[in-house]
Each structure stands twice: as structure tokens, then as C-alpha cells.
Amino acid sequence: MKTIKTQIVALPKSVLVLAVAVSTAFSTISAQSDPVRLGFIPLTDCSPIVMAKELGLFKKYGVEVVVTKESSWANVRDKILTGELDGAHCLYSMPFSVYTGVGGKAGSEMKIAMMLNVNGQAITLSNDFCGKVGFKQMNKVTPVVAAKLKAEKEVTFAMTFPGGTHDLWLRNWMSSAGLNQKAVKIITIPPPQMVANMKVGNMDGYCVGEPWGGVAVKQGVGFTQIASQDIWKDHPEKALVVNKDFSAKRKADLVKVMKAVMEACKWLDVPANRKKAAAIIGKAPYVNAPADVIEGRLMGDYNLGCNQGTEVYDNDYMLFHKGGAVNYPRKSHAIWAMAQFVRFGYLKEEPNYQAIADKLILQDLYEEVAASMKIKIPTDDMKPFSLTMDKTVFNPANPSAYLKVVKH
């Protein structure tokens with residue numbers, strides 16, 4: 001048997017250096033070219049992320065994005081925290097709910113990069129209330145609930161996540177109606193499952209985003225008692241929420257994502273584009289709901305159900321940009337949400353409002369992106385404000401004073 005000898009050739013140092021440099025460059029490109037993973041829940045206000053993808057805006061700004069449909073807000077929370085998702089269309093109050101321990105492990109950080117929309121949620125009541133409580137008839141809610149409690153022993157309302165926006169609109173609605181929240185049962189149901197659960201009698205009413213208010217009307221399952229913009233005109237709703245490490249280590253990619261989403265928000269606020277958007281997001285991979293229902297409420301044309309006719313919203317339907325007024329992530333809104341956690345008994349003590357808002361909102365990054373796109377930055381953050389329905393003044397610099405006088 002012949003012995004095969006292997007000859008080791010010493011390469012020049014310059015060649016070795018070049019090889020290492022090429023290897024490092026390729027690994028860097030590989031790391032940078034990992035697609036950004038963005039999740040969404042099947043709701044009309046996922047439109048900025050979906051349309052940024054469909055319109056080719058992510059590609060325009062040089063970032064590859066994979067968009068995935070998620071099953072629940074808890075699922076979105078978990079995937080953002082573990083990094084399985086880099087970011088998602090998310091309830092704006094959710095990062096504060098999670099961080100304070102209301103809706104997750106206390107201290108867990110999810111970052112808000114920008115806001116996606118205002119308005120466009122609704123409270124739907126089952127047909128049991130039809131003819132007894134009409135559109136925006138707040139004074140009739142409590143007597144009808146009381147009678148139903150007496151007859152059936154239990155009345156159940158649903159929202160989508162503890163401390164989430166739908167939870168807060170529901171509880172503010174109850175407070176304005178003078179309804180004792182401890183007298184009713186409040187459960188958590190994922191948005192796309194609301195209509196089916198009402199159909200089989202699992203709840204008497206629910207608060208969720210469109211199109212699931214409109215779908216209940218179309219299917220004859222329930223009716224719209226009030227829209228969220230009637231509770232608080234131009235209220236903050238969904239946000240682009242991102243993983244902490246992603247925001248720190250892939251800031252350049254996040255900026256590209258934000259620019260693409262911002263452009264989609266501007267596109268969505270052109271009325272002529274809304275019919276096209278409704279047809280696209282209504283498809284099975286996205287919201288999986290009738291395009292006509294999505295379009296109607298996107299245009300502010302609300303069929304209320306229960307023979308109540310139509311309500312037309314002309315300047316306070318779902319908005320995505322409004323000259324930049326929508327997209328700015330305000331710390332005052334974060335503080336308001338956390339004050340609601342105290343108000344409604346989720347937190348026994350007031351949190352460090354300002355520190356948490358500072359930690360979780362990437363306001364400086366937003367301002368940088370907005371400036372680069374020549375988008376006006378609002379100057380109303382941290383100024384006192386009131387809701388449309390509840391006129392109690394909220395001063396973000398003094399939430400304690402508000403909590404002493406607001407109704408529970």
C-alpha cells in the first residue's frame with residue numbers, strides 16, 4: 001500500500017488576511033440580510049403593515065420583511081419578547097400592560113416605535129339588547145343590564161387583552177354608563193373569534209376593532225352601540241411595537257421599516273385608496289372578512305344594525321396619518337393608559353409613569369425618522385386633555401389628581 005503524503009503549503013500573510021476579511025464580510029451581509037419578521041392580528045388597522053408589504057414599500061426602502069398572521073395578542077406578546085417576531089401591529093397600551101405586570105411578566109420590555117392609527121373600534125351588543133338600548137344611548141345601558149342580571153344571573157362582556165385598548169374602551173364605556181364593573185363578567189377573546197362567540201351566546205357584548213363590529217351587523221348577530229371615536233375622538237389605538245434587542249442592534253433596519261409603514265399610512269389616508277386596501281386586506285391571508293364591510297367602516301359609513309340605520313363619520317373614522325398627528329408616539333397617552341390600570345383596579349399602586357414611558361417609547365427615533373421624511377412632529381405631548389365622553393381633565397404631569405376625581 002502506498003502512503004499518500006499531504007503537503008501543507010504556507011499561504012502568504014496577505015492572502016490569509018484577505019480570506020478572513022472576505023469571510024467576515026459575508027457573515028456580516030448574511031446577518032444584515034436576515035428578513036425582518038412582523039406579525040399582525042386580523043383587524044382592519046393592520047393595514048399599514050399589510051399595505052407596506054403589498055405596495056412594495058419595504059423593498060423600496062431596502063428591507064426584506066416577512067409578514068405573519070398571529071392568533072391572539074398574547075401570542076404576539078410572547079413572540080415579540082422571545083424575538084421570534086422582530087415587531088408587530090399591536091395594541092398601543094399593551095407594552096405598558098406587560099411591563100407593569102397587568103398583561104404579562106412585570107419588567108418585560110416591548111418598545112413602541114410609532115403609532116399606526118386612531119379611532120375605528122366599536123362596542124357591539126347582542127340582539128338581546130336590540131330595541132332596549134340604542135346607538136349612544138348611555139343612560140339605558142345599566143337598567144337593561146340590571147334586568148338581564150336579575151333574569152339570567154350573569155352578564156358577560158369580552159375584550160381582547162387585559163389592559164389593552166379594547167379593555168380600556170370597554171371599561172370607560174361602562175363607567176360613563178354608570179355600570180358597576182364588578183357586577184358583570186369580563187373575559188378575554190381574540191379579535192377574529194368575537195363574532196363566533198357571540199353567535200353561540202358566550203357573551204352579551206364585546207369591544208374590538210373593525211371589521212368585527214361590522215361583521216356582527218352583517219351576520220345579524222349583534223349591533224353597534226357605540227364607536228370608540230365617540231368615547232374619545234382620535235384616540236390612540238395600534239402601534240408598531242418591536243423587540244428590545246431588534247431596536248438596539250438593527251436600528252438601521254427598523255428605520256427602513258418605519259419609513260415604509262409611514263408611507264403606507266399616508267397612502268391609506270387618501271380616500272380613493274381605501275377601496276383597494278379593503279379588497280386586499282379582506283383576503284384570507286390577512287383579515288379574512290368581507291371587503292364591503294371593511295370598506296364601509298374604513299370610509300366612515302357605519303351600518304349600525306338592529307334597524308338603527310347608518311351613522312356617517314366624516315372626520316373621525318379610522319385614520320392612519322393625518323399629517324403626522326396620528327403616528328407620533330405620545331408619552332402622555334402612555335401615562336393615561338397606566339392611570340387606567342390603577343383606576344380600574346389592575347394595579348394597587350401608581351407606577352413610575354414617566355420612567356416607564358421614557359423606557360418603552362422610542363420617541364427620539366420617531367422624531368429622527370419623521371424629520372428625514374419632512375413629516376411634522378406634533379407639539380401637544382404632555383399637555384392636559386379630556387376624552388369626548390368623559391370630560392374629566394387628565395394632566396399627564398399629575399395623574400394622581402385625575403385618579404382622585406374620575407369615576408370608576
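Definitions and cut-offs
Residues numbered from 1 in each chain as written. Predicted model: local features only at pLDDT ≥ 70, side-chain atom pairs only at ≥ 80, totals over all residues. Heavy atoms only, no water. Salt bridge = Lys/Arg side-chain N within 4 Å of Asp/Glu carboxyl O. Helix = DSSP H or I, 4+ residues; strand = E, 2+ residues; numbered from the N terminus. Buried < 20%, exposed > 50% of the residue type's maximum accessible area, 1.4 Å probe, protein only. Pairing = 2+ DSSP bridges. Right-handed = clockwise from strand over helix to strand, strands pointing away. pLDDT = per-residue confidence, 0-100. Contact = heavy atoms within 4.5 Å. Axes fitted to C-alpha atoms, helices over the stretch in contact; angles between N-to-C directions. Phe/Tyr/Trp six-rings, centres within 6.5 Å; stacked < 30°, edge-to-face > 60°. Core = buried A, V, L, I, M, F, W, Y, C linked by side-chain atoms within 4.5 Å. Disulfide = S-S within 2.5 Å. Parallel < 35°, antiparallel > 145°, perpendicular 65-115°, else oblique. Left-handed = near helix turned anticlockwise from the far one by under 90°. Nonpolar A, V, L, I, M, F, W, Y, C, P; charged D, E, K, R; others polar.

## What to know about the pattern of salt bridges
Here is step 1: Inspection of every chain in the model, using the stated rule, returns 25 salt bridges.
Here is step 2: In this structure, K251 and E368 form a salt bridge, with 3.4 Å as the shortest nitrogen-oxygen distance. Of the two residues, K251 sits in helix α12 (residues 251-268) while E368 sits in helix α17 (residues 363-372), which places them 117 residues apart along the sequence.
Here is step 3: For the salt bridge of R343 with D390, the shortest nitrogen-to-oxygen distance reads 3.9 Å.

## Topic: the pairing of strand β6 (residues 156-159)
Here is step 1: The alternating pattern of β6 places T156 and A158 and F157 and M159 on opposite faces, both of which are buried.
Here is step 2: As paired strands, β6 and strand β7 (residues 185-188) are joined by four bridges and run parallel to one another. Considered in β7, the bridge of T156 is made with K185.
Here is step 3: The parallel pair β6 and β7 is bridged by helix α7 (residues 165-177), and the resulting crossover is right-handed.

## Comments concerning the confidence of the model for the protein chain
Here is step 1: Per-residue confidence for the protein chain gives a mean pLDDT of 93, with 92% of residues at or over 70.
Here is step 2: Below pLDDT 50 for its whole length, residues 1-9 participates in zero contacts with residues either more than four positions away or in separate chains.
Here is step 3: Scored below 50 in pLDDT, residues 14-31 shows one contact in the model against residues more than four places distant or in partner chains.

## Thoughts on the sheet that holds strand β5 (residues 121-126)
Here is step 1: What the five strands build is an open sheet, ordered β7-β6-β8-β5-β9; its pairing is mixed. Here the strands that pair on one side only, and so sit at the sheet edges, are β7 and β9 (222-227). Taken pair by pair, the neighbouring strands of this sheet meet at an average axis angle of 25°, ignoring direction.
Here is step 2: Pairing between β5 and strand β8 (residues 205-209): five bridges, direction antiparallel. Within β8, the residue paired with A122 across the bridge is V208.

## A closer look at the packing of aromatic side chains
Here is step 1: Counting across every chain of the model gives 11 aromatic pairs.
Here is step 2: Seen in terms of ring centroids, W232 and F385 are 5.4 Å apart; in terms of plane orientation they differ by 15°. Their pairing is stacked. Remark: F385 occurs in the loop between α17 and α18 (399-405) and W232 occurs in the loop between α10 (228-231) and β10 (238-243); sequence separation between them is 153 residues.
Here is step 3: Since its relative accessible area comes to 6%, W232 is described here as buried.
Here is step 4: Judged by relative accessible area, which is 16%, F385 ranks as buried.
Here is step 5: Within the aromatic cluster, the residues linked to one another by ring pairs are W169, W232, W336, F385, F394 and Y402.

## Some words on the nonpolar core
Here is step 1: Judged by nonpolar contacts, the single largest core of 130 residues is most densely connected at F96, F157, W173, L240 and W336.
Here is step 2: With 11 residues, the single largest contributor to this core is α12.
Here is step 3: Those residues in contact with L240, other than ones at most four positions away along the chain, are L38, I49, A88, K111, I112, A113, M114, L116, V257 and M258.
Here is step 4: Counting residues in hydrophobic clusters, the runner-up holds nine residues, among them L304, Y317, L319 and V326.

## Details of the state of the cysteines
Here is step 1: This model, assessed by the stated rule, comprises one disulfide.
Here is step 2: Between the sulfur of C130 and that of C306 lies a disulfide, 2.0 Å long from S to S. Since a negative S-S torsion denotes a left-handed disulfide, the C130-C306 link at about 100° is right-handed. Taken together, the residues span a long stretch of sequence, with C130 in the loop between β5 and α6 (141-152) and C306 in the loop between β11 (301-303) and β12 (310-312) at a distance of 176 residues.
Here is step 3: Free of any disulfide, C90 has its nearest neighbouring cysteine sulfur in C46, separated by 13 Å.

## A few points about the packing of α7 against helix α15 (residues 331-343)
Here is step 1: Two elements in contact, α7 and α15, have axes whose closest approach is 11 Å; the angle formed by their N-to-C orientations is 60°. Classified by the angle their axes make, α7 and α15 are oblique. Between α7 and α15 lies a crossing whose hand is left-handed. Residues L168, W169, N172 and S175 of α7 lie in contact with α15, whose contacting residues are W336, A337, Q340, F341 and R343.
Here is step 2: For the contact of α7 with α15, a count of residues per class yields five nonpolar, three polar and one charged.

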